[in-house]
Structure formats: C-alpha cells, structure tokens
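# Coordinate inspection notes
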Amino acid sequence: MDTFHALRVFVRTLELGSLSAAAREFGTTQPTVSKWLAGLERQLRVRLVERSTRGLSPTEQGQRFYADAKRIVEQFDAAVGDVQGMTGQAAGLVRINAPVALGQFRINAMVQRFLADHPAIDVELILNDRFVDLVEESVDVAFRLGGTLPPDAIGRHLATVPRFLVAAPMYLARRGVPSVPDDLATHDVVRFAWTPGSTVELFRGEEQARVPTASRFRVNNALAIREALVLGGGIGVCPDWLVRDLMDSGELVRVLDEWAARPQDLTLLYPSRQFQALRTRLFIDFAVGQFSGIAGFAGGQG
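In what follows, the accompanying structure is described. Remember, it's a predicted structure, so these values are computed and weren't measured experimentally.

About the thresholds
Along each chain, residue indices are assigned from 1 in the same order as the chain's sequence is written. The model is predicted, so local features are restricted to residues of pLDDT at least 70 and side-chain atom pairs to those at 80 or more, both for listing and for counting; the totals for chains, interfaces and linings are taken over all residues. Each side-chain value is worked out from all heavy atoms of the structure, with water and hydrogens disregarded. Only protein atoms enter the 1 Å grid used here, on which a cavity is any set of points holding a 1.4 Å probe that cannot leave and a pocket is any open set flanked by protein within 12 Å on both sides along at least five of seven lines; residues with an atom within 4 Å of a point are listed as lining. Grid points are joined across faces, edges and corners, and a volume is the space filled by probe spheres set on the points. What counts as a helix is a DSSP run of H or I of at least four residues, what counts as a strand is a run of E of at least two, and both are numbered from the N terminus. The nonpolar class holds Ala, Val, Leu, Ile, Met, Phe, Trp, Tyr, Cys and Pro. Asp, Glu, Lys and Arg form the charged class, and all remaining residues, Gly among them, are polar. The convention used is that axes are lines fitted to C-alpha atoms, helices contributing only their stretch in contact, and that angles between N-to-C directions extend from 0 to 180 degrees. These descriptions rest on fixed angle ranges, namely under 35 degrees for roughly parallel, over 145 for roughly antiparallel, 65 to 115 for roughly perpendicular, and the rest for oblique. A crossing counts as left-handed when the near helix is turned anticlockwise from the far one by less than a right angle, and as right-handed when that turn is clockwise. Any two residues whose heavy atoms approach within 4.5 Å are treated as being in contact. One requirement defines pairing of two strands: DSSP has to find at least two bridges between them. Between the rings of Phe, Tyr and Trp (Trp by its six-membered ring), a pair exists once the centres lie within 6.5 Å; its type follows the angle of the planes, with under 30 degrees stacked, over 60 edge-to-face, and the other angles tilted. For every residue, the accessible area (1.4 Å probe, protein chains only) is compared with the maximum for its type, and the residue is labelled buried under 20%, exposed over 50%, or partly exposed between those bounds.

### Here's the deal with the layout of surface pockets
- By volume, the largest pocket is sized at about 1,300 Å³.
- Considering the residues around the largest pocket, the lining is formed by 44 residues, among which Leu145, Arg163, Phe192, Thr195 and Gln264 are closest to the centre.
- Tallying contributions element by element places strand 13 (residues 261-271) first for the lining of the largest pocket, with six residues.
- Split into classes, the residues belonging to the lining of the largest pocket amount to 25 nonpolar, ten polar and nine charged.
- Lining of the second largest pocket is provided by 24 residues; of these, Arg8, Arg12, Glu25, Asp77 and Ser138 occupy positions nearest its centre.
- Breaking the lining of the second largest pocket down by element, the ones donating at least two residues are helix 1 (3-16), helix 2 (19-26), helix 4 (60-87), strand 3 (92-98) and helix 9 (278-290).

Dropping the structure here:
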C-alpha cells in the first residue's frame with residue numbers, strides 16, 4: 001500500500017467529512033477510499049474513524065493522528081514546491097475562488113497572465129457569490145470583498161474599493177436628479193438581495209446620512225445589478241471597478257457626487273497552514289502585485 005497516499009486520503013476525508021466527497025476529489029470511488037482508510041488502519045493497528053449511518057467521524061486516536069498526518073502532507077508538498085522552485089518548474093493545480101462579477105471583470109484576465117508566466121501550473125477558477133469554506137472545498141486562495149473574515153484563514157489586504165451611487169441618464173431624466181441624500185427616499189434603489197434592511201448609508205467627510213429607501217428590485221448577482229441600472233431600473237450603490245467602463249461611456253453617471261458609501265476591503269484569503277505549495281505562493285505574490293494602480297481599486301498593498 002502507498003502509505004503516503006493513504007495519509008493524504010485520510011486527511012482530506014476527515015476535512016471533507018465523507019467518503020463520497022473524498023472520492024470525488026481524488027477521482028475514484030467511495031469503496032476505494034474506504035479500502036485506503038482500512039488499509040491504513042491495519043498498518044497502524046489503530047481504528048482511525050467511526051463509520052455510521054450519520055456519516056464519518058474520527059476516533060480519539062484518529063483525531064490525534066490527523067494533526068500529525070496533515071503536518072506531514074503539508075511538509076511534503078512544501079518540500080516538493082521548494083525543489084521545483086530551484087529548477088523554476090513549479091507545477092500542479094491552484095484552486096481559486098472569487099465573486100462572480102469580480103472574477104469575470106478582473107480575476108479571469110489576471111489568471112490568464114499568470115498561466116502564461118507559469119506553463120506547468122493549472123488553475124481552476126470557481127466563481128460564486130457565497131463565502132466558501134477553504135478547507136472543506138479544497139480552495140487554495142479566495143478573493144473576498146467585504147464581510148467578516150473566517151478565523152481559520154490568513155488574509156492579505158489587496159486594495160480598498162470605493163463605492164458610490166450611480167444611475168442611467170434616462171432614469172434620472174424620468175425621475176429627477178437627487179440633490180441631497182434624503183431625496184433617495186422617493187427613488188427606486190436597486191439592491192443586492194442579501195444586503196439586510198433597506199437603508200442606504202452615505203458619507204461626506206465626517207458627515208453621515210442614513211436614508212430609508214424603497215427597493216422594488218433586489219438580485220443576488222452584481223452583474224444583474226449592473227445591467228438593471230443601465231436599463232433604467234433605478235439608483236444603485238456600486239463598487240468603482242464594476243461600473244467604471246459604463247461611466248466612461250456615459251451609460252451610467254454618478255449620483256450625489258460629494259457622497260459615497262462605505263468602501264469595501266478586497267482581501268486574498270488562504271487556509272491557515274504553515275506549509276504552502278510553491279505554485280500557491282507564486283499566485284499569491286502575483287495577485288498582490290496586480291492590484292497596484294488598477295482602475296477601480298485604491299490603496300493596494302504588496
């Protein structure tokens with residue numbers, strides 16, 4: 001039996017919580033994963049996992065062995081990465097997660113440049129607007145806009161994202177141009193569906209305004225918000241990078257120029273672990289450098 005492969009299977013099976021999930025990740029069948037785990041248990045003469053109709057859980061010995069096995073796997077991956085780095089041949093798969101709109105507008109092109117620089121590295125880019133569990137879903141790095149950072153992840157601040165009100169000229173011609181924040185109460189505000197409440201919070205220097213608004217249209221996708229605004233659906237709070245091209249073309253214009261919404265932090269997250277594959281470290285360093293001076297982002301840090 002390949003003991004090291006069995007260690008890797010054991011570690012990922014516990015992290016994913018099921019034999020079937022581990023089988024999907026390793027491209028094999030559930031019985032094969034079960035056979036690897038049973039072989040490891042026979043070799044160690046210790047029961048590592050309890051199997052029941054409710055799922056799979058580690059024994060006390062299995063939980064302790066998991067910590068050591070995980071460290072061994074990570075040390076091996078790091079050693080391989082260092083050797084590959086000496087020859088300039090970093091290789092393997094990097095799994096990246098990003099919000100849909102950010103991924104389409106910025107990250108996709110960034111990844112193409114990274115791939116061109118590293119022909120032996122593969123990338124799987126997963127775009128969705130939910131906060132993924134990095135360990136459970138085997139994600140190496142994730143781009144996070146705003147929100148609370150998970151306690152088990154390390155974050156690198158990439159940039160601060162300005163946000164402000166925009167609308168289509170035809171909407172403003174039809175409904176009027178707001179001159180003060182309170183005017184928003186009489187307008188349709190297009191909102192992200194998962195944003196709680198209906199209040200718009202704006203800032204002008206130290207001055208703050210909180211305006212209750214009506215939202216006839218909410219949607220859980222930034223690209224749909226962008227399109228709805230162009231079609232005259234209302235006024236929306238948008239990040240600069242999402243609408244910069246539309247403002248340049250005149251399809252959208254800024255509303256209440258002196259006021260802005262609270263900016264968002266763009267953070268690059270990766271699992272909190274001591275050892276990291278060279279290919280992942282290369283992408284992290286590459287991404288940090290990419291956000292210096294990109295339109296729609298401010299305060300990028302290396």
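### Some remarks on the packing of helix 1 against helix 2
- Between helix 1 and helix 2, the shortest axis-to-axis distance is 8 Å and the interhelical angle comes to 125°. Classified by the angle between their axes, helix 1 and helix 2 sit oblique to one another. Handedness of the crossing formed by helix 1 with helix 2: right-handed. On helix 2, the residues that touch His5, Arg8, Val9, Arg12, Thr13 and Leu16 of helix 1 are Leu19, Ala21, Ala22, Glu25 and Phe26.
- Class assignment of the residues belonging to the contact of helix 1 with helix 2 gives a composition of six nonpolar, two polar and three charged.

### Quick word on the pairing of strand 8 (residues 199-204)
- In terms of strand pairing, strand 8 meets strand 9 (residues 207-212) through six bridges, oriented antiparallel. Within strand 9, the position partnered with Leu202 by the bridge is Ala209.
- Linkage of strand 8 to strand 9, two consecutive antiparallel strands, is achieved through a turn of two residues, within which Gly205 is found at a positive phi near 65°.

### Structural notes on the packing of aromatic side chains
- This model, assessed by the stated rule, comprises seven aromatic pairs.
- Centre to centre, the rings of Phe10 and Phe65 are 5.6 Å apart; their planes meet at 45°, and the pair counts as tilted. Of this pair, Phe10 sits in helix 1 while Phe65 is found in helix 4, placing the two residues 55 residues apart along the sequence.
- The exposure class of Phe10 is buried, given its relative accessible area of 1%.
- Note on Phe65: relative accessible area 22%, which makes it partly exposed.
- The rings of Phe114, Phe143, Phe283 and Phe286 are connected pair by pair, giving a single aromatic cluster.

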